[in-house]
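# Geometric and topological summary
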Amino acid sequence: MSASSSFRKALGPGLLFAGTAVGVSHLVQSTRAGAVYGLGLVVFILLANLLKYPAFAFAPRYAAATGASLVEAYRQQGRWAVVLYALVTAGTMFAVQAAVVIVTAGLAQALFGDALSVLGYAVALTLITALLNGVGSFAVLDRVIKAVVLLLSIATLAATVAVIPSIAWSTIPWLTTPGSMAPADVFFLAALVGWMPTALDIGVWHSLWTLARREQTGHAPTVREVALDFDIGYIGTAVLALCFVLLGAGVMYGKGVAIAESPGGFASQVIALYTENLGAWTRPIIATAAFGVMFSTVLTVVDGFPRAIQRLVDSLRGAVKGPLIPRDAEALAPPPQAGGRGVYFAALAVLGGGSLVLLAFFSGSLKGLVDLATTLSFLTAPVFAILNHRAVTSRGMPLECRPSRALRRFSAIGILFQAIFALAYLWVRFLSG
């Protein structure tokens, strides 16, 4: 098999990661950052992407090297680690899914009209994405996300090129220092970097998608192949984050426009402002980019949580143990069936119902729900960074597949800074005057 053919069979999980990441963190939070702070928070966005890189990169690396997911890696570290991941998942999954669905529902209402309320669109989106994932499983998810990520990337880049002349480069702020921030600014910054590029527990999903892709193609990818696949998706998400900051800065900053609280209001506001500032011809581009961004996120989130929960159940029952097979094995081990698809479908139903109940309470406050979900992810990030670091340096990881010393040191630096940032946030939130 040629190198290019081999890589094509490995390509996919990195794009699923990108489809998950390029959503609320980009369309909502990055746009808000540009609208309110100009380019003042760009350094924090770049820093968040940089410091989280090792923890995210370790997920597909571990899966390719061992044939096991991060759930098994956590289980090897002790039952406490799996229980901790389960508790964090249970504590965040409803808020996370509700946040991505409510933004997408607002865009759907702005694009397709008021035939349904925002909650009505949320119900429809939940059912459609659950059906796509439940009926088609990974194969459909893989094909749809590849098409959507390509489409939204082209549309977003085109919109950014169009808005660049509108930015007041000589007067727009380029840096916002922590010392100049009020508590409200610190809280927004935590929400911004919490999902920049996405929540760290998504690494578990990435490891599971890597295994699912291997099962789909019959090809056991090398660590080099999955690393390249990951880097393509990760670098792409960072570039698109900067695009949305530029879009927000170009069409909203300094215009005296307050970000709307309601999902429908925010969606209409974004599309209208882009159209007014860039011309009516840009509406299809903006509409395609915005809805494509969010639909891809909903699709991956609706699959990711149930897939992780199914693996959690199997792990806690002792049905799955890792590492499963050596890295270079061409014959694939049979997938674990202890929990079966029944656990996946049950989790799909519980997650959908719970997130819609939460939406009923937050349907009028977009920023409140988004900030809740992203801040929870911000505070739990150091925990998952530590678990992922321990996974790829454990005895279960083949020596030749372990990260380089430089990457391990970089990972430790990232963990330290994420912990410091989380503690600083808690101090400002609860202990400062």
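The notes below deal with the structure included here. Per-chain numbering applies: the sequence of each chain, read as written, is numbered from 1 onward. Given that this is a predicted model, residues contribute local features only at a pLDDT of at least 70 and side-chain atom pairs are listed and counted only at 80 or more, while totals for whole chains, interfaces and linings are drawn from all residues. The side-chain quantities take in all heavy atoms of the structure and omit both hydrogens and water.

## Regarding the overall build of the chain
Looking only at helices and strands, one finds 15 helices and 0 strands in the chain. Taking 433 residues into account, the globule formula puts the C-alpha radius of gyration at 22 Å, and the chain, at 21 Å, falls close to it. Seen through its C-alpha atoms, the chain measures out along the principal axes to roughly 60 × 45 × 45 Å. Among the 433 residues that make up the chain, the fraction classed as buried is 57%. Residue pairs at least 24 apart in sequence account for 88% of intrachain contacts in the chain once pairs closer than 6 positions are excluded. In this description, accessible areas are obtained by the Shrake-Rupley approach with a 1.4 Å probe, and a residue is regarded as covered only by the protein chains that are shown. Accessible area for the chain stands at about 16,600 Å²; split by element, carbon and sulfur atoms hold 68% of it. A residue counts as positive if it is Lys or Arg and as negative if it is Asp or Glu; His and the chain ends are not included. In this description, the location of a charge corresponds to atom NZ of lysine, CZ of arginine, CG of aspartate or CD of glutamate. For the chain, the distance from the average position of its 28 positive side-chain charges to the average position of its 17 negative side-chain charges is 7 Å. Note on conventions: DSSP H or I runs of at least 4 residues are helices, E runs of at least 2 residues are strands, and numbering of each starts at the N terminus. Throughout, radius of gyration means the C-alpha value; the globule benchmark is 2.2 Å times the number of residues raised to the power 0.38. Type-normalised accessible area, obtained with a 1.4 Å probe on protein chains alone, sets the label of each residue: buried when under 20%, exposed when over 50%, and partly exposed for intermediate values. For this analysis, residues touch if any pair of their heavy atoms sits within 4.5 Å.

## Focus on the nonpolar core
Residues Tyr74, Val204 and Trp205 are the most contacted members of the largest nonpolar core, which totals 111 residues. Looking at this core element by element, the count peaks at 16 residues for helix H6 (residues 79-112). In this structure Tyr74 touches Ala81, Val82, Tyr85, Val204, Phe384, Leu387 and Asn388, once residues within four positions along its chain are discounted. Listed in part, the 23 residues of the second largest apolar core include Ala48, Phe188, Val245 and Phe378. Buried Ala, Val, Leu, Ile, Met, Phe, Trp, Tyr and Cys residues form a nonpolar core when they are joined through side-chain atoms within 4.5 Å.

## Concerning the layout of surface pockets
Estimates place the volume of the second largest pocket at around 400 Å³. In this analysis the probe radius is 1.4 Å and the grid spacing 1 Å, with only protein atoms considered; a cavity is a set of points the probe fits into but cannot get out of, a pocket is an open set with protein on both sides within 12 Å along at least five of seven lines, and lining residues have an atom within 4 Å of a point. Lining the second largest pocket are 18 residues, and of these Phe44, Leu189, Val193, Phe378 and Phe421 lie nearest its centre. At the level of elements, helix H4 (42-66), helix H8 (183-194), helix H14 (366-392) and helix H15 (405-431) are the ones that each hand at least two residues to the lining of the second largest pocket. Residues are sorted three ways: Asp, Glu, Lys and Arg are charged, Ala, Val, Leu, Ile, Met, Phe, Trp, Tyr, Cys and Pro are nonpolar, and all the rest, Gly among them, are polar. Split into classes, the residues belonging to the lining of the second largest pocket amount to 16 nonpolar, 1 polar and 1 charged. Grid points are joined across faces, edges and corners, and a volume is the space filled by probe spheres set on the points.

## Section: empty space enclosed by the protein
Under the definition given, this model contains 4 cavities of 30 Å³ or more. Considering only enclosed or pocket space, the largest cavity measures out at about 90 Å³ in volume. Among the elements of the structure, helix H2 (13-21), helix H3 (24-37), H6 and helix H12 (283-316) are those that each provide at least two residues to the lining of the largest cavity. Grouping the constituent residues of the lining of the largest cavity by class yields 9 nonpolar, 5 polar and no charged. Taken as a whole, the second largest cavity spans an internal volume of roughly 50 Å³. Around the second largest cavity, the lining residues are Leu27, Phe244, Leu247, Val270, Tyr274, Ile286, Ala289 and Ala290.

## A short note on the side chain of Thr380
When you line up the elements, Thr380 lands in helix H14. For Thr380, a relative accessible area of 18% puts it in the buried group. Distance and chemistry together define a polar contact, namely a pair of N or O atoms within 3.5 Å, with one atom able to donate a hydrogen and the other to accept it when in protein, and with adjacent residues in sequence counting only for side-chain atoms on both sides. Here Leu376 takes part through its backbone oxygen, which lies 3.1 Å from a polar atom of the side chain of Thr380.

## A closer look at the environment of Trp205
Looking at the secondary structure, you find Trp205 in helix H9 (residues 202-217). Judged by relative accessible area, Trp205 falls into the buried class, the value being 1%. Distance in space between the C-alpha atoms of Trp205 and Asp185 is 31 Å, their sequence separation being 20 residues. If we ignore the near neighbours within four places in the chain, the residues touching Trp205 are Thr20, Tyr85, Thr300, Val301, Gly304, Phe305 and Ala308.

## Observations concerning unusual backbone geometry
Here the amide bond leading from Met196 into Pro197 is cis, since omega sits at 0°, within 30 degrees of zero. When you line up the elements, Pro197 lands in the loop between H8 and H9.

## Observations regarding H9
Expected span, for any helix, means 1.5 Å times one less than how many residues it has. Relative to the 22 Å expected for 16 residues at 1.5 Å per residue, H9 spans 23 Å between its end C-alpha atoms, a close match to the ideal helical length. Among the 16 residues in H9, 13 count as buried, and that is most of the element. One or two positions beyond H9, positive phi appears at Gly218, with a value near 75°.

## Quick look at the environment of Val101
Take Val101: it is sitting in helix H6. Given the relative accessible area of 1%, Val101 is considered buried. On a C-alpha basis, the gap between Val101 and Ala122 in space is 5.9 Å, while along the polypeptide they are 21 residues apart. If we ignore the near neighbours within four places in the chain, the residues touching Val101 are Ala122, Leu125, Thr126, Val298 and Leu359.

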